[in-house]
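Chain residues, written in single-letter form:
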Amino acid sequence: MSATDETVRLAAMNFFPKEAIVLRDFLMVNAVCKRLELSYNNFGPEGCTAVCQALMDNRTVTEVRFSSNKIGDRGAFEIARLIKTSHSLSEIDIGNNELSDVSGVPLFQA
């Protein structure tokens, strides 16, 4: 991961929540990254929350792939909150994340 990369590919890296927190810290200071590929990790709702927190203040990231991260409904609620506040995101992939109908409404409304 470099401070000059427009695309950060971290798919299938077996991230857990603590690694997502390191990524959060990177995103808070990085002004170059436009695309994040985070699919097929294991960071769950805690890691999703950490990444979403960083993206709320980030103005450069336009695409994020969260698929297959076991984020569940709690992570989906954080993503819905992110969608409402982000000024730069145009594409988010949250497929295959153990979501239920409960998280569908806030995501749709976002």
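Quick look at the structure, then. The structure displayed is predicted, hence computed values, not measured ones.

Looking at the overall build of the protein chain
Summing up its helical and strand segments, the protein chain has 4 helices and 4 strands in all. Of the regular secondary structure in the protein chain, the N- to C-terminal order runs β-α-β-α-β-α-β-α. For a compact globule of 110 residues, the expected C-alpha radius of gyration is about 13 Å, and the protein chain comes in at 13 Å, within 12% of that figure. Considered along the principal axes of its C-alpha atoms, the protein chain spans approximately 40 × 30 × 15 Å. For the protein chain, the proportion of contacts with a sequence separation of at least 24, taken over those separated by at least 6, is 84%. About 5800 Å² of surface is accessible on the protein chain, with carbon and sulfur atoms providing 52% of the total.

Some words on the pattern of salt bridges
Opposite charge on two side chains makes pairing possible when the charged atoms of those side chains draw close. All chains considered together, the criterion is met by 7 salt bridges. We note a salt bridge from Asp25 to Arg24, for which the minimum N-O separation is 3.2 Å. A salt bridge links Glu46 to Arg74; the shortest N-O distance between them is 3.5 Å. Here Glu46, found in helix α2 (residues 44–57), pairs with Arg74, found in helix α3 (residues 72–85); they are 28 residues apart in sequence, far enough to count as distant. Look at Arg74 and you get partly exposed, because its relative accessible area is 47%. Residues joined by salt bridges that share partners form a network here, namely Glu37, Glu63, Arg65 and Glu91.

As for the environment of Pro106
When you line up the elements, Pro106 lands in helix α4 (residues 101–109). The spatial distance from the C-alpha of Pro106 to the C-alpha of Arg81 is 8.4 Å, given a sequence separation of 25 residues. Look past the residues within four positions of Pro106 in its chain and what remains in contact with it is Phe77 and Ala80.

A look at the packing of aromatic side chains
On inspection of all chains with the given rule, the structure shows 1 aromatic pair. With a centroid separation of 6.3 Å and 85° between ring planes, the pair formed by Phe43 and Phe66 is classed as edge-to-face. Of this pair, Phe43 sits in the loop between β2 (35–37) and α2 while Phe66 is found in the loop between β3 (63–65) and α3, placing the two residues 23 residues apart along the sequence. We classify Phe43 as buried; its relative accessible area is 0%. Judged by its relative accessible area of 0%, Phe66 is buried.

Calculation rules
- Residues numbered from 1 in each chain as written.
- Predicted model: local features only at pLDDT ≥ 70, side-chain atom pairs only at ≥ 80, totals over all residues.
- Heavy atoms only, no water.
- Helix = DSSP H or I, 4+ residues; strand = E, 2+ residues; numbered from the N terminus.
- Rg over C-alpha atoms; globule rule 2.2 N^0.38 Å.
- Contact = heavy atoms within 4.5 Å.
- Areas by Shrake-Rupley, 256 points an atom, 1.4 Å probe, with all protein chains shown as cover.
- Salt bridge = Lys/Arg side-chain N within 4 Å of Asp/Glu carboxyl O.
- Buried < 20%, exposed > 50% of the residue type's maximum accessible area, 1.4 Å probe, protein only.
- Phe/Tyr/Trp six-rings, centres within 6.5 Å; stacked < 30°, edge-to-face > 60°.

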